Every structure is written in C-alpha cells, then in structure tokens.
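Given next are the chains, with one letter for each unit.
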Amino acid sequence: MQRPARPEPNVSVAGLADPAPPRWLDRLVAWRIPWLVLLASLALTGLAWFQTSRSVAEDAESRFALRVEQLQHQLDDHIKVYVQVARSAAALHSAFPEVRRTEWIRFVDGLDLYERYPGMQGVAFARFVKPEAVQDVIAGVRADGVKSFRIWPDIGGPDRVVNVYSAPVNDQNVRALGYDMFSEPVRRTAIEQARDSGEPAFTRSIALKIDDATGPQPAFIIYQAVYRNGQQPRTVEERRATFAGVVVTPIRVAPLASAIFDSSTRDVGVTIIEGTATDAEFPLYRSRAPSAEPPLLTAVRSVALGGHVWTVRYESRPGFEAGMQGWKPIFVLVAGSALSGLLFTLLWALTTTRGRAVEMAGRMTASLRRREAELHQLFNQAPLGIAMLDRDAKLIDCNPAFARAVGAARDGLVGIDTRLRAQDPALVAAIDNAIAGQSARLEVDQLLLAGGRHSHFNVHLQPVATPDEPPFVLAFVEDIGEKRRAEQHIHYLAHFDALTGLPNRVLLFDRIGQASRQARRDGTKVAVLFIDLDRFKVINDSLGHSFGDEVLRSVARRLHAGLRESDTVGRLGGDEFLIVVPNLEQASDAAAVAEKVLSQLSSPFAVGGQSFVVSPSIGISLFPDDAEDAEGLIRCADIAMYNAKDAGRNAFRFVTREMGARSRERLDLEAALRRALTNGELFIVYQPQVRISDGQVVGVEALLRWRHPEAGLIMPGRFLPIAEETGLVQAIGDWVLQEVCAQIRRWKNHIGLSVPVAVNVAAQQFRDGQLPTKVAAALAANNLDGRELEIEVTEGTLIDDIPAAVSTLRALKERGILIALDDFGTGYSSLSYLHRFPIDKLKIDRSFIHDLEQDGTGDSVPRAIVGLGRSLGLSVVAEGVETEAQLQLLRDLRCESFQGYLFSRPVLPEELEPMLAVRAARDRTRRELGSPVG
C-alpha cells in the first residue's frame, strides 16, 4: 500500500519565496539616518564657514593695510612739517643775518611749538666759531643778556658749533646755551652732513643735553645749515667756506609719536624701532604694552631720516579685531552646527527614548546657567564702575567698583533715587536726558551724597531699550582723580620754584603783566623789588649747598609772611628774589615795602644749630615811570640793586637815569675793550723788584695798561673788573702771558736777563684747568726755562677750591715756575692752608705799607707776614714803597725786597732794559770770578 504524496509548496514566478524584512535591519536604518543627516549638514556648515572666514580675512587685511597707510602718511607728514620748521628758521637767519636774540625768541614763540609741534623742545641757532673768535662770541652773548654764558664742554676741537640762541625761553633751553655740538661725534657728523649738503640732516637716536638733570628720553635732532650773507652755495667747497652755523630742532620721539598714535590708534599698536630690525629689545616708542597673544595682522613700514632709518611695526589690537566681523564665520559655524544639531536631535528623538531628550535639556540648562554665572562674575570684577538705573532714576544694581567710587556699601545704594542723591545739578540733568533716550558724558567731583567721597569722575550715561522689558540706563564711572592731580602737579612745577615753593620766573612775569594792566586802568603804579642776598656765596662755600638751600627757604618764608595778599614774592634763581607790589599811589609806598624787607631780614637766622644774619641789597623800579614791560622793570631793578651793593649793601635804591647812564657807559667800555685787544691798544709796563740789603734788582713785575684812542690811558682797576665779568679776562690773560714770555726772550738775547718776570693771573684763568698747559706752551714757543717766569695769584683765588688749586700749583712747580702769593693778608683764607700750597714768595699788600708810618702802630701785619715767610722759608716782597721812611721800617723788619715808586715807576721795556743790563753784567762778572750769583 503506497503513502499519499506531500503537497508542493507555493513557488513564485521566479521560483523563490518572498521573505519578510528582519527587525534588526529596521533598527540599523533608523540609527544611521540621523547620523548621515548630521554629517551632511556639518559638511555644508564647514564649507560655508570656510568661505565666510576667507571673505572676512580678506576684508580685514584690506582695511588694515588702508589704516596702516593712513598712519604712516601722518607720521611722514609730521616729520616733513618739523623739517619745514627748521628750514623756516634757517630762512629767517638767511634773510636777516644780524637777527638778534629777542627777534629769534619772538619768531619761535610765534610758532607755538608745544601746541602745534608736539615733541619739539625748541628751536636753537648754533653758531660756527673759529678758535680766534671764541672770546668775542662769549662776550657778545653775554652782552646780549645771557650774563652766565660760557662755551662747554672744554674737550672740543679748535672749531666749534655753539648754541647761542634757544627758544622758547625756559630752564631746560637756557641750560643748553653755550653747548659745543662739535664736541660730540654723533652731533658733529650730522652737522657736517647738513653743512656739506645744504639739506636737513638727522641724528640717530640720542639723549638731549637738556635731559641731563631729569633722565634721558629717546630723541633726535634736525640740523639745517645756514650760510653767511643769505647765500645758497652750489658746491661743497663753497658751502664749507660760507658756513655760518645750523638751526637746531631737538625732537623727543615719544611726544611726536604720541600726537599721532596715542589718541587715535586704539585699533592698531605701533612700535618704532631704530634701524631695520623689527625685534629690537628697546624700541624708540611703543603705543601700547606688548600683548601676550600674537596679533592677527601685522605690517612693517620704514621712515627715512636722512641717512638713518626707522622701522615702524603695526599690529592689530583688540579694537581693530573687534570690527573685523569675525562674528560672521562664528555665526555661520554656530548657526549651521545648531541647525545640524537640531535636525539631528529631531531625527534622533524619533529613534531614541524620551530620556535622551531629557538628558539633552539638562545639559542646555546647565550651559545657560554657566553663561549667566560668567556674566555675573564679569559685572562684579570689572574695574570700571557700572550701575543700572530704571526709568524712575532709581538704582537697580551696581558692581563693587561703582560702590567704591561713591564711597558707600553696595547694599545701601540699591533702591535709592539717584536724582535726589546727586550732588551736581549737571549730573541730575544728564540722568534725565539719559532716561529720555539721550546718552551723556560729563565730569563731576562727587557722584552721590550717599557716601560723600570726593574725587574726579568721568561719567557716561547710556540708555538701553529692550523690546519686551522696560527701558533702563547704564551708568559707567571712571575715577580720574589721580590723573587730574598729576596734571595739577605738572602745572605747579611749571610755575613755582621747587626749592622755596615761591612763584618762579615764568609766573613772576605773568604777575607783573597783570599788575601793569590793572595799574594802567586805575592810574596807579607797580613796584618791582629786586633782592639779592649779600655775600651768600660765602655761606654756600663754607657751610655747603644743602645748608645754603635751607637758608634760602628761611628767607622765602620771612619775605612771604610780611607781604600783603595782593603782593607777590618769587625767586628768580640762586639767591635772587623778586617782589611785585601792585596798586601803589606814590614811590614812597615802595620804599616802605623795602624798609619792611630790610627789617624782616635783620633778625638772625637759626639754621642747623648756627645763628647768623643775612642782609639784602634791594633795587626798585616803578611802572610806568621806569619801564612798561616785565623784562624792562626787572632790568631796571637789577641795575638799582647793584647800585645798592656799591653803596655798602644792606640798603635799597631806586633806579635813576644816572644809573642807566653808568650802565650804558659800562657797556661802551666793554665794547671798546673788545676792540682794544684786536687793535693793539693794550700794552705792558714793568716795575723792578729790589733787594733791600744791597739795592740789586732781583725781579720784575709785568703790569697791564690800556691806551684808549679817545679817553687816553685807562688803568686796570677800571677795565679789569669788566673783563672778568664778560669773560674777556681769559683772552687778555693769554695775550699777556705770550707777550711777557716774548719780552723775556728778547731781554735774554740782548742782555742775558737773569731775574724772573712776574705775571698776574686772574681767578678765571687759574680755575679753568688749562693754565699749566698754556704756560708750558708759551715757554716752549720762546725757548725759556720755567725759573725765568713767576706766576702771581691772590689768596682768594686759591681758597675757593683748595684741592684744585694745589693740583694746578704743583703742575706749575714741576716745570720750575716760581709762585708768588699776591696781596697777602687782605683775603679771608686760613693760615692753616698755607703750608699746603707750593709757594715761593709772599707779597705784602700796599695798604699795609701805607700804614707803616702811622705812629709806629701799623707795622703789626707786615711784621707778622715777614716772620711767617721766614719761618716757612719764603721770600717776602713789600709792594707800594714810596718813601725812605717806609723802606727803613721794612729794613728794620728784615723784609727781603720791595717794589714801588721810591725806586721806579712801572716803565716800558726799553726804559727798564738799562737797569736789567747792569744786573746781568754784574752776574756775568761774578760767574767769571766763581762767586755766587744772586
């Protein structure tokens, strides 16, 4: 029996069954779709970000390059303008070769340097000076009003370029007068370049001489050559031949650069480097402190300054980078990423559980809270005071910096009505305007009455409007009190004397001008009292400058305490004070003020445990009687003050026409003395010195005379003080030294001179440190030995600086030169110092010789000097012996030798030669016989 057949399964057309899709495949597809969509959207976001970033970068680079070119153009323009100032000043000197100091100062003041040309410290003219013209230049500048003018330093070469005019007139520029710019290699190189090219020349970065007292600052100098008679020579040889000097414009780098970059370059940092290197450790200027983060954009430019180069590096700062629209790539990236994430989240939410969405919501909430905490921390730690005001002017919130500015606790400020608590009505008005929608800026001394803190504040009120919330006002407060105090201190230093606190020369000129204008309106007078302390130099030299400074402060306090509130007492410098007395009816009122000053200073001063009296000499001038400007009034009072000193000191004098005439006579005599040296009007006479024991000539003293073509013979007592004040004594002394050595050579060749010839040396000659060198040169030029020359100095010259005097005397003694101490006994030196000086001879002053015949009571000083000389092994010479009685008294005192009219007046060389010939013949005879010569 067969089994039944099994039924066939259903078969498709293709012969295969239709299987159902498995469940894991559905899950795989559902998981991949969100990720694929996320990757695709992120790729599109990245492409959009790249394109946006490149576009923003190109735009930023273009704007940065344009900004750099703008700043570079401003820097080039400033330097060109400064060069034009130098050219203009040179053109003035070329158009008017004889331009004087006052005209130069008026021209420079008209430029208004400090306002229009930041960094330019002044405009000066430095004159080219040949060696033979040095003394004339010194004398000319002193005659032009700069009485203390000298050429420094002394290490320069034969040719000099000396600063003779400098303006604006201030302490720094006055300090630079007389500076020899050829003495410093960098300045000399630039000046020679300007001279040879005819174009402006620049130095490299240097320290200015006016900064020696305050510390160097990077600076450079523009030199513009000036040629004689307004010429414009074509060749280098012609320029050198007609070179008259240079216009000097010193410029500090920092103020120059700050005027261009500090106020308008918050977006760009600027660094100026000397040379071509861009990584110099010490740049000339940097507008901002270097940032720890490298800048996004940089550019390097160069500035040519003659033969020098500045490298200028520009860097983008946060202010520039904030405007680069850098938010666009970030916005594209953030928005694209956010959309990608949102799309991914929506798709993922369809394929994941609800817990996943909850977890994402938690992370977003935490991120928002973190952002809120960061903003809160920024608000609380900001150094700028920030407060929020509602539309009713009530303070909603403020940060700690605002509370410190107000001077109250933060909790006590929230909720107060700022309009009711504001101290300044201008602040109340600004708050109302800000609430109305108008921003405001102002400065106030006190913010709110809550704490009462006073300072100086910069306040910015900015209204803020939001679509969903009520409007409010943000208040930003910056404490600028320290900045204002610094500005006030700078103003104080510019107008008040640092030592005494009194008004200085600048403020005194202003006070005189104000008082003069008021007096002209009211028909009254103004008195100017010029006060100079008598013999104040003795205090400084004997007790020290710090002690002298305390004396000056004590004098200032007494003068200030005794005046009216309307009067002004100030210090001109040194020991010179000035009192301005306005609203006077008659001259006697000024005399009363002077009497009061004499009385105030008459009582002793107690300083440093010592008590002493300081007396004043006072000169008085009146507006409008004597002058109508401050400079003229001070000059007239100065003349009167010197007249008071001549009258015996501790007195006052009004300026008179006779004083002015004497001053003009003195100026005429000074001018004539300058011509006398070059015209051969000076000549030398010689007076023999005779040994008392045997009447033999043992020495000769050379004495200077002046034969004026109109006034006749002028004695040294009249013209030598003028020569010392004007500096001409140096040139005259050098001429005397050369002439005497030449005369000794002639006598030596003709008659065999065997006695020393004495030359008097002025204090200025002795102290300049060049005397041994000059004496050696004069001896060598005439083939003389040192023992044939004798140098006479006064004890006052030696006592001023004993170590330097000893050094100079020893240098002279090393060459065999004899040293005589002139006018001994008339000075104020201590005998304790005498043994330190290598001296050969003491000379008794003629005043003591005159007293010898006064009933026998006048021989004490000569007797002491002779005894002192004998004990120290020094020869003693008496001056001014005119009678036999005086000679006999000196013989009794055992004085060694004398000179005077009793034996011979000072005579010309040819008249003295016969006497010297007798002495020379006697010496030759003794040498032939083997006897000692002497």
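Computed from a predicted model, the values in this text were never measured in an experiment. (Residues numbered from 1 in each chain as written. Predicted model: local features only at pLDDT ≥ 70, side-chain atom pairs only at ≥ 80, totals over all residues. Heavy atoms only, no water.)

### A word on a nonpolar patch on the surface
- A cluster of nonpolar residues, Trp49, Phe50, Ile330, Leu333 and Val334, forms a patch on the protein surface that exposes about 460 Å² of accessible area.
- Contributing elements (two or more residues each) for the nonpolar patch: helix H1 (23-95) and helix H10 (327-351).
- No other element matches H10, which puts three residues into the nonpolar patch.
- Mapped onto the fold, valine 334 is located in helix H10. (Patch = residues over 30% accessible without salt bridge, like charges linked within 9 Å, V, L, I, M, F, W, Y side chains within 5 Å. Areas by Shrake-Rupley, 256 points an atom, 1.4 Å probe, with all protein chains shown as cover. Salt bridge = Lys/Arg side-chain N within 4 Å of Asp/Glu carboxyl O. Helix = DSSP H or I, 4+ residues; strand = E, 2+ residues; numbered from the N terminus.)

### Section: the side chain of glutamate 879
- Following the sequence through the fold, glutamate 879 ends up in the loop between strand S29 (875-878) and helix H31 (884-892).
- Judged by its relative accessible area of 6%, glutamate 879 falls in the buried class.
- A polar contact of 3.2 Å, which involves the side chain of glutamate 879, links it to the side chain of lysine 843.
- Beyond its immediate chain neighbours, meaning those up to four positions away, glutamate 879 contacts Glu701, Asp822, Asp823, Lys843, Ile844, Asp845, Arg846, Ile849 and Gln899. (Buried < 20%, exposed > 50% of the residue type's maximum accessible area, 1.4 Å probe, protein only. Polar contact = N/O pair within 3.5 Å; in protein donor to acceptor, adjacent residues only side chain to side chain. Contact = heavy atoms within 4.5 Å.)

### Here's the deal with the packing of aromatic side chains
- Within this structure, the stated rule accounts for 14 aromatic pairs.
- Seen from their ring centres, tryptophan 706 and phenylalanine 719 are 5.6 Å apart, and the 90° between their planes marks the pair as edge-to-face. Within this pair, whereas tryptophan 706 is found in strand S23 (residues 697-708), its partner phenylalanine 719 is found in helix H23 (residues 716-726), the two being separated by 13 residues in sequence. An identical accessibility class is assigned to tryptophan 706 and phenylalanine 719; each is buried.
- Counting every residue linked through ring pairs, the aromatic cluster contains Trp104, Phe107, Phe125 and Tyr165.
- The cationic tip of arginine 188 hangs over the ring face of phenylalanine 182; the distance from NZ or CZ to the ring centre is 4.0 Å. (Phe/Tyr/Trp six-rings, centres within 6.5 Å; stacked < 30°, edge-to-face > 60°. Lys NZ or Arg CZ within 6 Å of the ring centre and 35° of its normal.)

### A closer look at the sheet that holds strand S17 (residues 576-584)
- Across the sheet, five strands lie side by side as S16-S17-S15-S20-S21; this open sheet has mixed pairing. What marks the edges here is a single partner per strand, and that holds for strand S16 (568-573) and strand S21 (652-654). Direction aside, neighbouring strands of the sheet carry axes that sit 25° apart on average.
- The pairing of strand S15 (residues 525-533) with strand S20 (residues 616-623) spans eight bridges and is classified as antiparallel. Looking across to S20, one finds that alanine 527 is bridged to leucine 622.
- On top of the sheet, helix H20 (residues 587-600) reaches S15, S17, S20 and S21; it is set at about 160° to S20, its chief contact. (Pairing = 2+ DSSP bridges. Axes fitted to C-alpha atoms, helices over the stretch in contact; angles between N-to-C directions.)

### A short note on the pairing of strand S14 (residues 472-479)
- When strand S10 (residues 385-389) meets S14, the two strands line up antiparallel, connected through five bridges. Bridge pairing in S14 links leucine 389 to valine 473.

### Overview of helix H17 (residues 505-522)
- For H17, spanning 18 residues, the distance from its first C-alpha to its last is 26 Å, which sits close to the expected 26 Å at 1.5 Å a residue.
- Every buried residue of H17 is listed here: Leu507, Leu508, Ile512, Gly513, Ala515, Ser516 and Ala519.
- Within two residues after H17, glycine 523 carries a phi angle of roughly 75°, on the positive side. (Expected span 1.5 Å × (residues − 1).)

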